[in-house]
Each structure stands twice: as C-alpha cells, then as structure tokens.
Amino acid sequence: MVLESLPERIVYQILRSMALPDMEIDLHQPIMPDVGPEKADLTLRRRDTACFMR
C-alpha cells in the first residue's frame, strides 16, 4: 500500500479502525473512468455503494 501523504495515511488509519467488517477501503480508484482520469484518494465501498474522497 502506498499513500501519498501523511494526512492521507492518518485518514486511512482512522477509517480502517472504524470500518465495518463488510466495508472495503480502496486507494486511488478512478471516479468516472469513462469521463476522465480523476481519481479519489480513498474510496469506501460497502455492498453496492461507494463514497469517493478526494
């Protein structure tokens, strides 16, 4: 896992400690690959829902 900054690592660790068992945290996922190259720093996924954080 490669995080780009200290604030990103801090947020990742906080989210990981609070995440539900069926929740995934992805790094640097494309937000809308068919529209452009924009990527989220962190993405929370649970079931069919995703929350992109930039």
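For the structure, see preceding data.
This is a predicted model, so every value here is computed, not measured.

Procedures and definitions
Residues numbered from 1 in each chain as written. Predicted model: local features only at pLDDT ≥ 70, side-chain atom pairs only at ≥ 80, totals over all residues. Heavy atoms only, no water. Pairing = 2+ DSSP bridges. Helix = DSSP H or I, 4+ residues; strand = E, 2+ residues; numbered from the N terminus. Buried < 20%, exposed > 50% of the residue type's maximum accessible area, 1.4 Å probe, protein only. Contact = heavy atoms within 4.5 Å. Core = buried A, V, L, I, M, F, W, Y, C linked by side-chain atoms within 4.5 Å.

Undergrad: Quick one: what's the story with the pairing of strand E3 (residues 49-53), residue by residue and with numbers?
TA: Inspection of the sheet shows strand E2 (residues 42-46) paired to E3 by five bridges, in the antiparallel sense. Pairing of Arg 46 across the sheet is with Thr 49, part of E3. Between the end of E2 and the start of E3, which pair antiparallel, lie two residues, with Arg 47 showing a positive phi angle near 55°.

Undergrad: Tell me about the side chain of Thr 43, and please be specific about residues and values.
TA: Within the element layout of this structure, Thr 43 appears in strand E2. Looking at Thr 43, the relative accessible area reads 2%, which means it is buried. Setting aside anything within four residues of it in sequence, one finds Thr 43 in contact with Glu 24, Ile 25, Asp 26, Gln 29, Ala 50, Cys 51 and Phe 52.

Undergrad: Lay out the nonpolar core with the relevant residues and their values.
TA: One recurring pattern in soluble globular proteins: nonpolar side chains tend to sit buried together. Residues Leu 3, Tyr 12, Leu 15, Met 23, Ile 25, Leu 27, Leu 42 and Leu 44 constitute the largest nonpolar core, which totals eight residues. Put simply, the parts of the chain that give this core at least two residues each are helix H1 (6-18), strand E1 (23-27) and E2. Per-element tally for this core: the top contributor is E1, with three residues.

Undergrad: So what's going on with unusual backbone geometry? Which residues, and what values?
TA: The phi angle at His 28 is positive, at roughly 55°, despite the residue not being glycine. Using a relative accessible area of 21% as the deciding quantity, one classes His 28 as partly exposed. At Arg 47, a position not held by glycine, the phi torsion is positive, near 55°. When you line up the elements, Arg 47 lands in the loop between E2 and E3.

Undergrad: Give me the lowdown on the pairing of E2, citing residues and values where you can.
TA: Sheet topology places E1 next to E2; five bridges connect them, and they run antiparallel. Bridging from a neighbouring strand, Leu 27 pairs with Leu 42 of E2.

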